[in-house]
Amino acid sequence: MMNLSEANYIVGIDVTENEATISYIDQKSLKPIIYDRSGGYGQVSIPTVMQYVIEEKAWLIGEHANMNRNVEGTLIVDHLLEILLNKEEVEIGGEKICPERLLFIYIENILESFKQLNPHATISSLSLALPDRYYHDIINEVENGLKAFENIKLNVVMSSQAVFEWLQYIKQPFKGRTLIFDYSYNNFATSRLETKDDTIHLDLISSKPEIAISDVEKVFIEELNLQYQHHLKLQHLSKEELLNIKQMLIEQEQWIFQKYAKKQSAKVYYSFAYPPFQKVLNYKRMDELIMPFRIKLEKFIDQFAQFDQVILIGKGCKLQWPVDIISEKMNVLALNPYEVVSNGCCLIAAHHIIKQDEIKFNIQQKEYGIMVEVNEKVIFSPLNNHANHFIIDFEDESEASLDIMRKDKENNFKIEQTISLNNALALHNKIRINLKLTKVDEDTTIKIEYLPM
Amino acid sequence: MWEKCKKGIKENNRLDENWFILGIDLGTTHSVVSYYNTINNRPEPIDISQGFGKIPMPSVVQYRDEIGPEWIVGDEAYKSMIMYPDDTITSIKRKMGTNEEIQLGDKKYTPEEISAFILKELLQHTIRLNPKGILAGVVVSVPYDFDDSAKKATVKACQLAGLSESLICLIEEPKAAALTYHFKNTLTEGRKIMVFDFGGGTLDITVFHVSQMTSEHIHLQVISEGGDAYHGGDQIDDMILEKLYTIIFDETGLANDQLSKENKVELIQTARDIKERLSGVKKVRVPFGFCAVPFMKEITRAEMETIIEPFIKATRQLVLKTLAEGYFGAIHPSDVDIVLLEGGSSSMPWVKDMLISIFNDYEKIYSSDKPALNISIGATYYAAIKMGLLEHPEMMAIGIGQTVNFEITVPHDIGFEIDYGYKKDFHTMISRGTPYLLATKTQVFTLTGDTKEEMTNLKIKILERMRKEDKIEKCRLIGEVFIEGLPERPSSKTKLKVTLSVQEDSGIVYGDIEDLGYPEMFEPSAFKASFSPNRIERTIINAK
């Protein structure tokens, strides 16, 4: 390995929907180290939240921005990836800030914090990993945002690429067909990797948002709300109480789920109440709450039984029960789910000093979309893996159908699926719909959500 | 046990996979346990949250007796302390070495008994890593400023947690931090590094010097130590708490003795929260929700720093003192190459500002990457050094090509109280800065007096002088030893040899006494005894 100078850092950042995890290599370490900005207190990931403090004309990111929510004179910017996806601009003091600039500020703040470790710190190379399902939708914005970093070698990769890099480094390359389950806050996404002719073929094949952590949390929050309401004999809960209970779950979910993993009941402390009190969340009830998610998850992974192994990444792996279910049914590679992507990403950034075999990646991209009319021209409008809102004009007909098209690498179009639409909610012969794209292996499922006009 | 395992390692060229060597940071607010990972040859902190990534465990112990007696330790105890304000114990480390007893339920507990619960909890997490594991050695860190009594209490706590004395070794926290720094960074010969370890309860400052460095060997020498065992983030919390009481009084007329226990606990947690948040932001809005008419109050970082200004000044003085009292002479700030910030409280912005004002160079101030973990990691490195693990090239941590010789020194003067009749004085036997290997000193006493009692008895008071300028009254008692029944001889015709030594493994003072008789007049009697002085109970030795 070539030497780095003492103050030089190579950085990999895994950016997900809710948080970012950072790994780095410096002169002394020979492998990526997780950057724990909490100083060893275990908050290895930082929220993808930014806050503009108006008076100071300064930005805070991560945990400091999160802690400072609702403080007067500040503006919160949540969920950076979604902002990039929706190409939202944020207005600060009359000035519109584009999502690329927001990303730059967020990453710049992270890189600046290395000066705490070494006042002379310089970053020579940086890689960003994006969730597979976001990659194509926001790669341009991300690359544009990072261009502003001068004298830093830059890379943007999919999280699956980072995983594979790490596997290669720890000399555990996968064989055969491998799945990556990315269990994030808002989704449970699946990517498939397969080696053919020295090339890794990577394909985003499905996503299942209904079993994401946010849904599990919602169910538990409702339960705690009921417990609280019942204990205090309240008719309804105030906004503040609801917020407090949500915050309480976030603080206590660690041992609640640990107790669940041990098949024990958990005590929940309503410390914010006056007077404070505790309630027991018994194991049986927790199991009842989680059971629908367990069933959905089991059913979902049953279809992947033929795969040789599975790699788990994402915050959802902390809940333990999903890991247990998957481990029972599949061969799970023993990797740290919270570190593997950022570590692999860091290795990609370190390619010039840590030599690994060059990997050829072929990212399979089946693009789905519909044909839309724009300025009297019919063009292909791709669907992304998230919300896709359209207005359909029935043109006085009572029924309509919508062709979902598939575009391949050669720009050839093929009808993948035809969906019938009804005009029950039509206003002036027009309806508004949201097309939710779910890919399951070779099949595409489109769910239609009718929205009010 | 150390020697047995060391021998095993030498013979087999490896550490048995079922042997654990541990480093424990038994902190005031948080405790951490690390083990030496024989696969990648380096210390690793143990995740006590089983996958949630939380390593430091709050040093909080709680007793409940709702459905039978139950002890809760760690995070859950901390989060629920508002529910059990009378039965939750925090910062027990501050009471180590004292006679204070803590009432919990219908029983009283000593500080070491409470600490033992914390240690037991940490050890349980270790066993989970390998149920077949055997403890081969444990190093526990103590603050630089811990006196002999507090160190003994720490050893006792370890024993109560189930560790045999032969397994236990103590290391001062700044030395542990220095060791971690060495293994994580590139050092060059001649470099001087100050480790500023600012935790919840204590401030420990060490300056160490890379006195020798070759491709095979590195010698680290401690050249000054300082700090205060009662100077930490907790004090800042207390000062902010006082301010919160004032705010409540000004706003509502409620004095703090009119607040409920739960309200007070909430305010304690709020004070800590304010301190932590103001490390990252410049102002916070604090809710006072429990007041009859709830209100919010804004507190800025500047206001907080004004509230704690006396504390900041005192911290600065401690740094300057450490520099002034180097073992080999005063150390000029410009001679220090790097100042490394350790400890959870060192992230407060004023700490860096204060250090920059002393060293005049912001580029010398480095923050540790994991200040919460480095003491435990360093303690584990020390255990590895003691075990001889870092002498075998095959077993050395990756990237470390040298054997490490770390010179451990006595942190405070140890001596006797000499009573001249008209005044008392401190007579130094072992000076601060003496390497432990040399920390043995002998003094010969000649018994004089008029009465038989004076000629057959001797009272020795062994003291620890924490600061150079401390007068005899401020010196801390290590223990009193009373020897009775010595051979009856005329005045000035009995010589007694008293030897004091400081044990390297624990930093605890031990002694020996021997009757030398009197040259050419009285043969020495058979009297010889060893003693371990104890602050609480006088040691009585009968020479007959």
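Sequence positions are assigned chain by chain, starting from 1 and proceeding in written order. Here the convention is simple: chains get letters from A, ligands get numbers from 1, in the order in which they are written. pLDDT decides what is reported in this predicted model: residues at 70 or higher carry local features, side-chain atom pairs at 80 or more are listed and counted, and totals for whole chains, interfaces and linings draw on all residues regardless. Computation of side-chain values covers all heavy atoms of the structure but excludes hydrogens and water.

> Any details on the confidence of the model for chain B? Residues and values, ideally.
A low pLDDT score tells you not to read the predicted coordinates there in detail. Residue and element names in this part refer to chain B. Every residue is assigned a pLDDT by the predictor, reflecting its confidence on a scale from 0 to 100. Looking at chain B as a whole, the pLDDT averages 88, with 96% of positions reaching at least 70. Under a pLDDT of 50 for its full length, residues 393-399 has, in the predicted model, 23 contacts with residues more than four places off or in other chains. Reported for the predicted complex are a pTM of 0.82 and an ipTM of 0.78. Whether two residues are in contact is decided by their heavy atoms, any of which lying within 4.5 Å being enough.

> If you had to explain the domain arrangement of chain B to someone new, which residues and values would you point to?
Residue and element names in this part refer to chain B. Domain boundaries shown here were taken from an automatic or database domain assignment. Its domain assignment divides chain B into domain 1 (2-230 + 321-407), domain 2 (233-309) and domain 3 (413-542). Measuring from the centre of the C-alpha atoms in domain 1 to the corresponding centre in domain 2 gives 31 Å. Accessible-area loss on putting two parts together, using a 1.4 Å probe and summing over both, is the definition of buried area adopted here. Roughly 1,500 Å² of surface becomes buried between domain 1 and domain 2 when both sides are summed, with 55% attributable to carbon and sulfur atoms. The working definition used for a salt bridge is a side-chain nitrogen of Lys or Arg within 4 Å of a carboxyl oxygen of Asp or Glu. At the boundary of domain 1 and domain 2, one finds two salt bridges. The partner of D86 in a salt bridge is K261, with the nearest N and O atoms 2.6 Å apart. Between N or O atoms, a polar contact is any pair within 3.5 Å; within protein, one atom must be a potential hydrogen donor and the other a potential acceptor, and residues adjacent in sequence are included only when both atoms are from side chains. Where domain 1 packs against domain 2, one counts nine residue pairs in polar contact (both at pLDDT 80 or more).

> Talk me through the sheet that holds strand β22 (residues 399-407) of chain A; I want residue IDs and the actual numbers.
Residue and element names in this part refer to chain A. Whether two strands pair comes down to DSSP finding at least two bridges between them. Secondary structure elements are taken from DSSP: a helix is a run of H or I of four residues or more, a strand is a run of E of two residues or more, and numbering for both begins at the N terminus. Strands sit in the order β20-β19-β22-β23 across an open sheet of four strands; the sheet is antiparallel. One side of each edge strand has no neighbouring strand; the edge strands of this open sheet are β20 (377-382) and β23 (413-422). In this sheet, adjacent strand axes meet at a mean angle of 35° when their direction is disregarded. Whenever a helix is involved, its axis is fitted only over the stretch in contact; in every case the axis is a line through C-alpha atoms, and angles between N-to-C directions fall within 0 to 180 degrees.

> Would you mind going over the packing of helix α6 (residues 159-169) of chain A against helix α11 (residues 340-349) of chain A in detail, with residue names and values included?
Think of two packed helices as two axes; the pair is described by the angle between the axes and how far apart they sit. Residue and element names in this part refer to chain A. Following both chains from N to C, one finds α6 and α11 inclined at 80°, their axes separated by 7 Å at the closest point. In this view, α6 runs roughly perpendicular relative to α11, as classed from their interaxial angle. Here S159, Q161, A162, V163, E165, W166 and Y169 of α6 come into contact with α11, specifically with V340, V341, N343, G344, C345, L347 and I348. The residue inventory of the contact of α6 with α11, partitioned by class, reads nine nonpolar, four polar and one charged. Angle categories: roughly parallel below 35 degrees, roughly antiparallel above 145, roughly perpendicular from 65 to 115, and oblique for all the rest. In this count, Pro and Cys sit with the nonpolar residues alongside Ala, Val, Leu, Ile, Met, Phe, Trp and Tyr, while Asp, Glu, Lys and Arg are called charged and the others, Gly among them, polar.

> If you had to explain the pairing of strand β24 (residues 476-484) of chain B to someone new, which residues and values would you point to?
The side chains of a regular strand alternate, residue by residue, between the two faces of the sheet. Residue and element names in this part refer to chain B. Here strand β23 (residues 458-465) runs beside β24; their pairing, made up of seven bridges, is antiparallel. The residue bridging K459 from the neighbouring strand is F482, located in β24. With four bridges connecting them, β24 and strand β28 (residues 539-542) associate as parallel partners. Counterpart to V481 in the pairing with β28 is T539.

> Provide a residue-level description of a nonpolar patch on the surface, including the pertinent values.
Patch rule: a residue counts if its relative accessible area is over 30% and it has no salt bridge; like charges are joined within 9 Å, and nonpolar side chains (Val, Leu, Ile, Met, Phe, Trp, Tyr) within 5 Å. Per-residue accessibility takes into account occlusion by the displayed protein chains alone, with areas from the Shrake-Rupley method and a 1.4 Å probe. Together, M371, V378 and F413 of chain A line one region of the surface with nonpolar side chains, adding up to about 280 Å² of accessible area. The cut-offs for exposure are 20% and 50% of the maximum accessible area for each residue type, with area from a 1.4 Å probe on protein chains only; residues under the lower value are buried, those over the upper are exposed, and the others partly exposed. For F413 of chain A, a relative accessible area of 41% translates into the label partly exposed.

> Quick rundown of empty space enclosed by the protein? Include the residues and the values.
Residues and elements named next belong to chain A. Each cavity reported here is a set of points on a 1 Å grid over the protein atoms alone in which a 1.4 Å probe fits but cannot get out, each pocket an open set with protein on both sides within 12 Å along at least five of seven lines, and each lining residue one with an atom within 4 Å of a point. Grid points are joined across faces, edges and corners, and a volume is the space filled by probe spheres set on the points. Counted according to the given criterion, the structure contains nine cavities of 30 Å³ or more. When its volume is computed, the largest cavity comes out at roughly 240 Å³. Residues of the lining of the largest cavity, tallied by class, amount to eight nonpolar, seven polar and six charged. Counting the residues that make up the lining of the largest cavity, at least three belong to each of domain 1 (8-172 + 335-361) and domain 2 (174-332).

> Tell me what's going on with the pattern of salt bridges, and back it up with residues and numbers.
All names here are of chain A. In this structure the tally under the stated criterion is 42 salt bridges over all chains. A salt bridge links K329 to D302; its shortest N-O distance comes to 3.1 Å. With K329 in helix α10 (residues 321-329) and D302 in helix α9 (residues 283-302), this pair connects stretches of sequence that are 27 residues apart. The class of D302 is partly exposed, set by a relative accessible area of 45%.

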